[in-house]
Amino acid sequence: MKFKYIIKLLPALLILIVQLMGFVIFSSFYIPKDRKVKVVVIDAGHGGKDPGCNGVTHKEKEVALAVALKLGKLIEENIKDVKVIYTRKTDVFVELEDRAKIANDNNADLFISIHCNAAGKPVMVKDKKTGKLRAKIFKNSKGKLVVVETTNPVPYGSETYVMGLKNEEGKMKVAQRENSVILMEDNYESKYQGFDPNSEESYIIMSNYTSGYVIQSAGLALKIQDEYSKRAGRVDKGVHRQSIWVLWRTSMPSVLTEIGYLTNPQEEQFLGSEKGQEYMASCLFRSFRKYKDEQEGIKKEYDDAIEKQKNLDKEIQVAVKETDNIEGDDENSDKNDSAKTDTKITTAENAKKYIELVAVADVFLKNKNYPDAKLLYEKASKIRNDTDAYCNKKLIEIAAVLKKEEEDKRKKEEDAEKLKENKIVDKNDIIKGYKEKAKKDTIKVIAVNTTTTVNTPTITANSKIQAIEFKVQFASNDKEVDTKTKYPNVKEVWFYKGGAVYKYTSGNFSSFDEATKHQAKLKDEGYKDCFVAAFKNGIRMDIIEAKKITAGK
């Protein structure tokens, strides 16, 4: 019985022995004695006909290339003894095997592959038979059932991969996505010796191999993640082990870093910006510099501009209320739906679009970019026939903000126009005008204010009539101002107080019609809200009564 049991275990024991021998031989053969880091290969993921994952406005191949070029430039300018080699410097397609070959042929000491992440979620449909929700599926060309997915705007954060001793649970999709470019290559079946990026069996075989560079790779990966978190404010999603072809085929320490999710609108906005790309590149540069010094036994503190770069605030997830993505009946419903013309054809598409629009709009609103937020909320609301409560609430909030901004802007423009167009009034001209008026109405001017404004003239007891004057009120202020500076072009400026408010007028007229003509001139000069007011002995009175008293003059 024991002998039979040993016979059954024998194949497994033989495989284990072979793997251990392979590990020893592989490790001793590949680990270099010279620890100097002289050549680094920077790999911008995807390119050309392979766009990688896409956000709403940015493509992975473009973001990865921008960060790769910025990283290379930082190394070239600041670490002169390191040679930088790029797998691509333009938007071209480079096969996975060739990327690894570039590193191997140049005897690189380090390989850094830069990518962007993506998240998906199953499209849920209502089962015709049970009436319950289930994931929508279809059969691929090989007859395998595959779950239909749509983008998920919620996940975010940065993570870095090294070649693994095993495939970590939940990370298989990353490996499948990064290895799927193999299928775009010519003669891939023979070139990759039957490796199928969509087959889990292929990964089981690959994971039986390991590398003597795993520890060094993991050390660099940890430094990268630390920099992402502390300097760029990214959420640290950790260091993971996974069977990724380009890492497996490189004969040196190597990492593949996912700098963030393009499917998350907030993270896409950051990664697509010049600032975001510069921060991610500088994080990778500082990590590389620390790794190089560590490998070469150098202990050095840096005090340059790159090291002093300001830390960004921690990344905050955009809160998105996801809607149920319900469409159709089953995996064959697409054939039936294609003949329909009603709006149910695009229900799932619209639900996806709605989530994307709202998520981006929320980011714009948070950043006080109200016009763009308004436009996106309007588009999202139209998807639901303008009945969406969330979007409509946001649109009302934005409308109130925009209205206030418009009023403030108009007020500033009016104030600026007044200062620009008005002429400076000489104090003596004001006094002269009051004297002539007093002489005409047998009113003696006893005193005038010595400031640039003229206070109410005092009327003597010998006045034969009570003086009624019409003035054009054009401004008010909560404090007394220097009218020569504030209203330099308005003639015959005078003020009176109404409660705690200083009210400013222009002109002195004995008839309402004369005051109206002056009002028209002030409106032409920009005082659109000016109006005619009546005064009796310098005190504001009812305009209708004043017009009756002065009628016929």
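Scroll up for the structure.
Everything in this summary refers to the structure shown in the same document. Predicted, not measured: the structure shown is a model, and the values here were computed from it.

**Considering the nonpolar core**
Among the nonpolar cores identified, the biggest contains 42 residues, and V40, I42, L71, I75, I114 and I259 are the most heavily contacted of them. If you list the elements that add at least two residues to this core, you get β1 (39-44), α2 (60-78), β2 (83-86), β3 (110-117), α7 (214-230), β12 (254-261), α9 (265-271) and α10 (274-295). In this structure I259 touches V63, V67, I114, H115, C116, S158, Y228, L271 and M280, once residues within four positions along its chain are discounted. Listed in part, the 21 residues of the second largest apolar core include Y504, F509, A515 and A546.

**Some words on the environment of I396**
Checked against the element boundaries, I396 lands in helix α14 (residues 389-421). The exposed category is assigned to I396, whose relative accessible area is 62%. Considered as a pair, I396 and K374 are 22 residues apart in the sequence and their alpha carbons are 9.5 Å apart.

**Considering the sheet that holds strand β10 (residues 158-163)**
Judged by pairing direction, the sheet is mixed, and its 6 strands sit side by side in the order β2-β1-β3-β12-β10-β11 without closing on themselves. Across the chains shown, the open sheet's two edge strands, defined by having one partner strand only, are β2 and β11 (236-242). In this sheet, adjacent strand axes meet at a mean angle of 20 degrees when their direction is disregarded. Where β10 meets β12, 3 bridges bridge the pair, whose relative direction is antiparallel. Of the residues in β12, the one forming a bridge with E159 is E258.

**Things to note about the sheet that holds strand β13 (residues 468-477)**
Strand order in the open sheet formed by 5 strands is β14-β15-β13-β16-β17, and the pairing between neighbours is antiparallel. At either end of the open sheet lies a strand with only one pairing partner, and these are β14 (493-498) and β17 (539-541). Ignoring which end each strand starts from, the neighbouring axes of this sheet average 50 degrees apart. Relative to β17, strand β16 (residues 531-536) runs antiparallel, the two being bridged by 3 bridges. Paired with A534 across the two strands is M541, which belongs to β17. Helix α17 (residues 512-524) rests against β13, β15 (501-509) and β16 of the sheet, and its axis sits at about 25 degrees to β13. The strands touched by helix α18 (residues 543-550) within the sheet are β13, β16 and β17, with β13 carrying the most contacts at an inclination of about 155 degrees.

**Section: the state of the cysteines**
Working definition of a disulfide: a covalent bond connecting the sulfur atoms of two cysteines. Evaluated as defined, the whole model comprises 0 disulfides. The closest cysteine sulfur to the non-disulfide-bonded C116 is located on C53, 5.8 Å from its own sulfur. Accessibility expressed as a relative area gives 0% for C116, which makes it buried.

**Overview of unusual backbone geometry**
At H46, a residue that is not glycine, the phi angle is positive and equals roughly 65 degrees. Here H46 shows up in the loop between β1 and α2. Classification of H46 by relative accessible area gives buried; the value is 7%.

**A short note on the packing of α7 against α10**
As a packed pair, α7 and α10 sit with axes 9 Å apart at the nearest point and diverge in direction by 140 degrees. Taken together, the axes of α7 and α10 are oblique relative to one another. Here the hand of the crossing between α7 and α10 comes out right-handed. Packed against α7, whose contacting residues are Q216, L220, K223, I224, E227 and Y228, the element α10 presents M280, C283, L284, R286, S287, F288, K290, Y291, E294 and Q295 at the interface. Taken together, the residues that form the contact of α7 with α10 break down as 8 nonpolar, 3 polar and 5 charged.

Quick notes on the rules
Residues numbered from 1 in each chain as written. Predicted model: local features only at pLDDT ≥ 70, side-chain atom pairs only at ≥ 80, totals over all residues. Heavy atoms only, no water. Core = buried A, V, L, I, M, F, W, Y, C linked by side-chain atoms within 4.5 Å. Buried < 20%, exposed > 50% of the residue type's maximum accessible area, 1.4 Å probe, protein only. Helix = DSSP H or I, 4+ residues; strand = E, 2+ residues; numbered from the N terminus. Contact = heavy atoms within 4.5 Å. Pairing = 2+ DSSP bridges. Axes fitted to C-alpha atoms, helices over the stretch in contact; angles between N-to-C directions. Disulfide = S-S within 2.5 Å. Parallel < 35°, antiparallel > 145°, perpendicular 65-115°, else oblique. Left-handed = near helix turned anticlockwise from the far one by under 90°. Nonpolar A, V, L, I, M, F, W, Y, C, P; charged D, E, K, R; others polar.

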